[in-house]
Amino acid sequence: MKHLKYLSLVLAIVLMSACKSQNAVASRSEVPQTPGPPEAAQIPTSQKNPQPDMLTGPAERSDLQEGKFGEWFNPFYASYRVDESLVDELKPLLKDVDITLFMGTWCGDSKRETPRIYKIFDAVDKADDVELITVDRSKTTPQGLEEGKDIKRVPTLILSKDGKELGRIVEYPIESLEADMLKILKGEPYKHAYAD
């Protein structure tokens, strides 16, 4: 029993000395100090409020330009070449037109087309007028913004005027985004990729 007490004391001394910092040298006359609170780890700003894997509900273009979404948005935006001749025709026709874009941050077609759509609307000074709505894989939002809009595939770009839908581009354009928008805005015959 005496040996067990001695062994416990030796073990306690070894453990206490092992927990000390290598630079700290304590003399026998020092009074042990109570350690203060541990220092908070420095967390990079991007990890303090991590970006969600998927956006749902109303969103801003800036949400797509940052973090992991920016990894696909920015290159697709930069690489797209707007058809300048069609943009000149689009600009006056887009006056008083409401623009709603349903897209999924998880969807390959949305990742490809959404930056291109924004680049076109930048060219006609309408990018700030785009109502961006992000949906989950069921094509729904927590706020029910998709209700009554017949959103079955994304991206879905809806052009409306005075509360009436003029037309929509669904998932991908038939000719090009610019050409398809022009047909819709001119009232020419146009059917999106999934129209009956």
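A short tour of the structure in this document, coming up. In this text the structure is predicted, and so the values were computed from the model without any measurement.

Reading guide: rules and limits
- Residues numbered from 1 in each chain as written.
- Predicted model: local features only at pLDDT ≥ 70, side-chain atom pairs only at ≥ 80, totals over all residues.
- Heavy atoms only, no water.
- Salt bridge = Lys/Arg side-chain N within 4 Å of Asp/Glu carboxyl O.
- Buried < 20%, exposed > 50% of the residue type's maximum accessible area, 1.4 Å probe, protein only.
- Helix = DSSP H or I, 4+ residues; strand = E, 2+ residues; numbered from the N terminus.
- Pairing = 2+ DSSP bridges.
- Right-handed = clockwise from strand over helix to strand, strands pointing away.
- Core = buried A, V, L, I, M, F, W, Y, C linked by side-chain atoms within 4.5 Å.
- Contact = heavy atoms within 4.5 Å.
- Polar contact = N/O pair within 3.5 Å; in protein donor to acceptor, adjacent residues only side chain to side chain.

For the coordinates displayed, the defined rule picks out 11 salt bridges. Here Asp129 ties to Lys126 by a salt bridge, and the two come within 3.2 Å at their closest N and O atoms. Within this structure, Asp109, Arg112, Glu113 and Arg116 form a network of salt bridges that share partners.

With that settled, consider the pairing of strand β3 (residues 130-134). Counting buried residues along β3, 4 of its 5 residues qualify, which places the element largely inside the surrounding structure. Pairing between strand β2 (residues 98-103) and β3: 5 bridges, direction parallel. In the strand pairing of β3, Phe102 is matched with Ile133. As a crossover connection, the stretch from β2 through helix α6 (residues 108-123) into β3 is right-handed.

Ranked by internal contacts, the top residues of the largest apolar core, which has 34 residues, are Leu90, Phe121, Leu157, Leu159 and Met181. By residue number, the principal contributor to this core is helix α7 (residues 177-186), which donates 6 residues. With near-sequence residues (within four places) excluded, Leu157 lies in contact with Ile99, Thr100, Leu101, Ile117, Phe121, Gly167, Arg168, Ile169 and Met181. Within the second largest apolar cluster, 7 residues are counted, among which are Phe102, Val135, Ile151 and Ile158.

Before going further, it helps to examine the environment of Phe121. By the element assignment, Phe121 lies in helix α6. For the pair Phe121 and Leu90, spaced 31 residues apart in sequence, the C-alpha separation works out to 9.5 Å. Residue contacts for Phe121: discarding those within four places in its chain leaves Leu94, Ile99, Lys126, Ala127, Val130, Leu157, Leu159 and Met181.

Relative to the helices and strands, Thr141 is located in the loop between β3 and β4 (156-161). Take Thr141: its relative accessible area is 8%, and that puts it in the buried class. A distance of 2.8 Å separates a polar side-chain atom of Thr141 from the backbone nitrogen of Leu145. Discounting chain neighbours no more than four positions away, the residues touching Thr141 are Gly57, Ile133, Thr134, Val135 and Glu146.

The values are spatial; any link to function lies outside them.
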